[in-house]
Structure formats: structure tokens, C-alpha cells
Amino acid sequence: MQTALKAYAVHLFTALGAVLAMLAMLEAVQEEWGMMFFWLVMAFIVDGIDGPLARRYNVKTNAKMIDGVLMDLIIDYLTYVFIPAYALFKSDLLPGWTGWIAIIVISYASVIYFADTRMKTKDNSFAGFPGCWNMLVIVLFATEPNFWITLAIVVALAVAMFLPLKFVHPARTARWRWLTLPAAVAWTGFAGWAAWVDFAPGSWAHWGLVGTSIYLLLAGIVQQVIPPRKIANA
């Protein structure tokens, strides 16, 4: 009985992501981008914690009345895709028709990807870019690149969602986890601080965001290029 209560408590914890998504959306409507991203980072933290808890308490068996995977996907679509795409459209990062292209491409490609049963690889990485638009958009807000560069990155990553490219899961991809997990934790700290100071120009957090984002984006692809070393039998 106690195990079941803990398992259901994990579902209740996951559901907090929906509340955080609503808080982020309210800030987005007011174009308070710093606070919007702050709530999205909080949702990112919840999303990073609930997975290990769900596996620890085996929620599929001990709390099977609630579909935790479905709940997680709904919240992820809001916090990873829908709200960041809205922010990208309403900001000045993609003016005019470029903003329309971005939100259509992001929302359409992402909903197909999220429903794809092949989105995970055998080593628990992601097959194709996993639709982490929240991570991209916060970097774009921090660095403010030329709109052509921004549009090119958005289209390229949308295409990469359906290419045979591997993208690491910070907690579940075993290879290089000793580096990937700290990089993800560092990214969260940089993102939270950048949002808290409302993307103040010259903030040290911007450089940290760029560095950790590049690693998280490319680590899986590098792993494909460099196969794991085989251990010879004794």
C-alpha cells in the first residue's frame, strides 16, 4: 500500500508540470520572457526528476490507473514545443513571414515526432532531434542571432527530427553519462540564471548556455561517428 501511494505521488509530482506550463504561458502573453523561461526551466527540472522516480517506484505496475507516459508527453508538448514556439513568434527574433514558418514547422513536426513509437533507440537515446525547442529558444533569446541564422537553425532541427541521428538523453544514455548529466545540470543552472536576469547583455550565463547546448546537441551524433570501444575477453 505504501509503495502504491509513493507511485501515485510521482504522478502528482509530474502533473505539476502542467501548472508550470500555465504560469509560463501567462507570462508569455504579457511578453515577460524572462519569467516565462524561468517557469519553463522549473518545468524542465520537474521533468528531469520525475523519470527516475517513476522507474524507482515502478509506476506502470504500482500506479497503473494513471498513464504517466501520456501525461508526460502532454506536458512536454506544452513546455518543450507550444510555449517556446509562441515566444519565438511573438518576439522580434523572427519578423514577419519567418515567424509564421517557424511556428508552423515547429508545431507540425513536433506533434508527429511525439507520436512516433520509434523515438527511442536501444541505448535509451533519442532517434532524431527530440523536439527540445525550449532549450533552443532560450539560447536564441540569450544570443539574438541574425534572423536568417535563427530560421535556418529551426528548419534544420525540424528536419533532423526525422533523420537517423542520435541525440543523448542526459540521464538514460549510459555512454558518457559522467559528462552528459553534469552538462545538463549546468545547462539548467545557466538557463535559470539567464532567465532570472531577463537575458541581461554580457551575462556569463549566456556563454555557459551556448557551450552546454552545443555539447548536448552533438554528443549523440559524435557517439555514432565514434563507436564504443570493445572490451577484449580475458
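The paragraphs below set out a description of the structure included in this document. It should be emphasised that the depicted structure is a prediction, and the values quoted were computed from it without experimental measurement.

### Overview of the packing of aromatic side chains
Taken as a whole, this structure holds 18 aromatic pairs when the rule is applied. Relative to F167, the ring of F129 lies with its centre 5.9 Å away and its plane at 75°, an arrangement referred to as edge-to-face. With a gap of 38 residues between them, F129 in the loop between β1 (126-127) and α6 (133-143) and F167 in strand β2 (residues 166-167) connect regions that are remote in the sequence. Put simply, the rings of W33, F37, F141 and F199 touch in pairs and so form one group of aromatic residues.

### Regarding the packing of helix α4 (residues 68-90) against helix α5 (residues 97-114)
Direction vectors running N to C along α4 and α5 enclose 170°, while the axes themselves pass 9 Å from each other. As summarised for this structure, α4 and α5 are arranged roughly antiparallel, according to the angle between their axes. Contacts from L73, D76, Y77, V81, A85, L88 and F89 of α4 reach α5 at G99, W100, A102, I103, I106, S107, S110, V111 and F114. Grouping the constituent residues of the contact of α4 with α5 by class yields twelve nonpolar, three polar and one charged.

### With respect to the side chain of S125
Its place among the elements puts S125 in the loop between α5 and β1. Side chain to side chain, S125 and D123 meet in a polar contact 3.1 Å long. A distance of 2.8 Å separates polar atoms of two side chains, one belonging to S125 and the other to T173. Not counting residues up to four positions away in its chain, the partners in contact with S125 are M119, K120, K166, F167, V168, H169 and T173.

### Notes on α6
Within α6, ten of the eleven residues are buried, which leaves it mostly tucked inside the rest of the structure. Within α6, burial applies to W133, N134, M135, L136, V137, I138, V139, L140, F141 and A142. Note on α6: the residue one or two positions beyond its end, E144, has a positive phi of about 50°.

### Details of the nonpolar core
With 59 residues, the main nonpolar core has M36, F37, L88, W133, I138, W187 and L209 as its most contacted residues. Those elements that provide at least two residues to this core are α1 (2-29), α2 (33-56), α4, α5, α6, α7 (147-160), α8 (177-196) and α9 (204-225). For this core, the element with the most residues is α6, which contributes nine residues. Each residue touching F37, except ones within four places of it in the same chain, is listed here: N134, V137, I138, F141, A195 and F199. In this structure, A7, V10, Y57 and A63 belong to the second largest nonpolar core, which totals six residues.

### Section: the environment of P228
Looking at the element boundaries, P228 is found in the segment after α9. On the basis of relative accessible area, P228 is assigned to the exposed category, the value being 55%. Between the alpha carbons of P228 and R175 there is a distance of 8.2 Å; along the sequence they are 53 residues apart.

### A few points about the side chain of Q223
With respect to the helices and strands, the residue Q223 is situated in helix α9. At 2.8 Å, the side chain of Q223 forms a polar contact with the side chain of K166. With sequence-adjacent residues up to four places away left out, Q223 is seen in contact with D123, K166, V168, T173, R175 and W176.

What counts as what
Numbering of residues begins from 1 in every chain and follows the order in which that chain's sequence is written. In view of the model being predicted, local features appear only for residues whose pLDDT reaches at least 70, and side-chain atom pairs are presented and counted only at 80 or more, with totals across whole chains, interfaces and linings using the full set of residues. Values shown for side chains rest on all heavy atoms present in the structure; no hydrogens or waters enter the calculation. The criterion for an aromatic pair is that two Phe, Tyr or Trp rings (for Trp, the six-membered ring) have centres within 6.5 Å, with stacked assigned to planes under 30 degrees apart, edge-to-face to planes over 60 apart and tilted to the rest. Helix and strand definitions here come from DSSP, where helices need a minimum of 4 consecutive H or I residues and strands a minimum of 2 consecutive E residues; each element is numbered from the N-terminal end. Note on definitions: angles span 0 to 180 degrees between N-to-C directions of axes, and those axes are lines fitted to C-alpha atoms, for helices only across the stretch in contact. Any angle that is under 35 degrees is reported as roughly parallel, and any over 145 degrees as roughly antiparallel; angles of 65 to 115 degrees are reported as roughly perpendicular and all others as oblique. Residues count as neighbours in contact if any of their non-hydrogen atoms are within 4.5 Å of one another. Polar here means any residue outside two lists: the nonpolar Ala, Val, Leu, Ile, Met, Phe, Trp, Tyr, Cys and Pro, and the charged Asp, Glu, Lys and Arg; Gly therefore counts as polar. Whenever a nitrogen or oxygen atom comes within 3.5 Å of another N or O atom, the pair is scored as a polar contact, on the condition that within protein one atom can donate a hydrogen and the other can accept it, and that pairs from neighbouring residues in sequence are kept only if both atoms are in side chains. Working definition: with a 1.4 Å probe on protein chains only, accessible area under 20% of the residue-type maximum means buried, over 50% means exposed, and in between means partly exposed. Remark: nonpolar core denotes a set of buried residues (Ala, Val, Leu, Ile, Met, Phe, Trp, Tyr, Cys) joined through side-chain atoms within 4.5 Å.

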